[in-house]
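Structural features, examined
The lines below spell out each chain.
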Amino acid sequence: MTQKRRLWLIDAGYLFNARHSVRSGYEFSYLRLRNHLEQDGLIWRAYYLNSTPNPPSDGQDNFHRWLRSGPPFGPKIITKFYTLKQQRADKAYCEECGQKVSLRCQNQTGDFTHRVFNEIQKGVDVAIATLSLIHQRNYDTLMLSSGDSDLLDAVEHLSEQGKSIELVVFRDGVSSELQCRADRIYWINDFASDVDNSFRDAVGDGDNP
């Protein structure tokens, strides 16, 4: 029987933030995670998508270089990067009051207003949807490490085309809309000790810095 081809698309920002659902300070190894997933079949291709500062730090460069390294030293994951978008954060919504409230930097003094903003990912979800569609003739199973319901239209289309949908996620921040459309869910929390990075066994082996 011909082995099914698997495509793994990773929203690095999601995995980095959701890892804390295991415990505070938990780190995982992408190499160990890929090895664990490949117990159920080889992964044809894997993409790591993230928004990063420009220019990235030396530590980030080293980590990304390691991600691209082939086995047994690295997990052989293609990296793609996008810019961070600045979003004003001078207002927030208070659920109890039912209205917007002002945010102010605690260090602000006098009449000079400090500019308050958040940095958010831009382009990662679109890139994941695009890669899943342009490669659809090359794989049988789409593995997603993302919890964003914005991917729902692409997932539904691919499922209707006969693709198997699998989630590789933590038990935090995963849209129930995605969960109910998945043919299989790898809950990383259930095997967190197997992919734990507490004891690093390779240079650069680790989580997203």
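In this report, the structure presented in the accompanying data block is examined. Just so it is clear, the model here is predicted, and its values are computed rather than measured.

This part takes up the pairing of strand β1 (residues 6-11). Burial of β1 is extensive: six of the six residues sit out of reach of the surface. Because side chains alternate across β1, one face comprises the buried residues Arg6, Trp8 and Ile10, and the other comprises Leu7, Leu9 and Asp11, equally buried. Across five bridges, β1 lies against strand β8 (residues 141-145) in parallel orientation. By the bridge assignment for β8, Leu9 is matched with Leu144. By the bridge criterion, five bridges tie β1 to strand β2 (residues 45-51) in an arrangement that is parallel. The residue bridging Trp8 from the neighbouring strand is Ala46, located in β2.

This part is about the environment of Gly123. Looking at the secondary structure, you find Gly123 in the loop between β7 (117-121) and α4 (124-134). For Gly123, a relative accessible area of 33% gives the class partly exposed. As for Gly123 and Leu49, which are separated by 74 residues in sequence, their C-alpha atoms are 9.2 Å apart.

Cis geometry is found at the peptide bond from Pro71 to Pro72, where omega equals 10°. Counting through the fold element by element, Pro72 comes out in the loop between α3 (58-68) and β3 (78-82). One non-glycine residue, Lys76, lies in positive phi territory at about 55°. Considering the arrangement of structural elements, one finds Lys76 in the loop between α3 and β3.

Reading guide: rules and limits
- Residues numbered from 1 in each chain as written.
- Predicted model: local features only at pLDDT ≥ 70, side-chain atom pairs only at ≥ 80, totals over all residues.
- Heavy atoms only, no water.
- Buried < 20%, exposed > 50% of the residue type's maximum accessible area, 1.4 Å probe, protein only.
- Helix = DSSP H or I, 4+ residues; strand = E, 2+ residues; numbered from the N terminus.
- Pairing = 2+ DSSP bridges.

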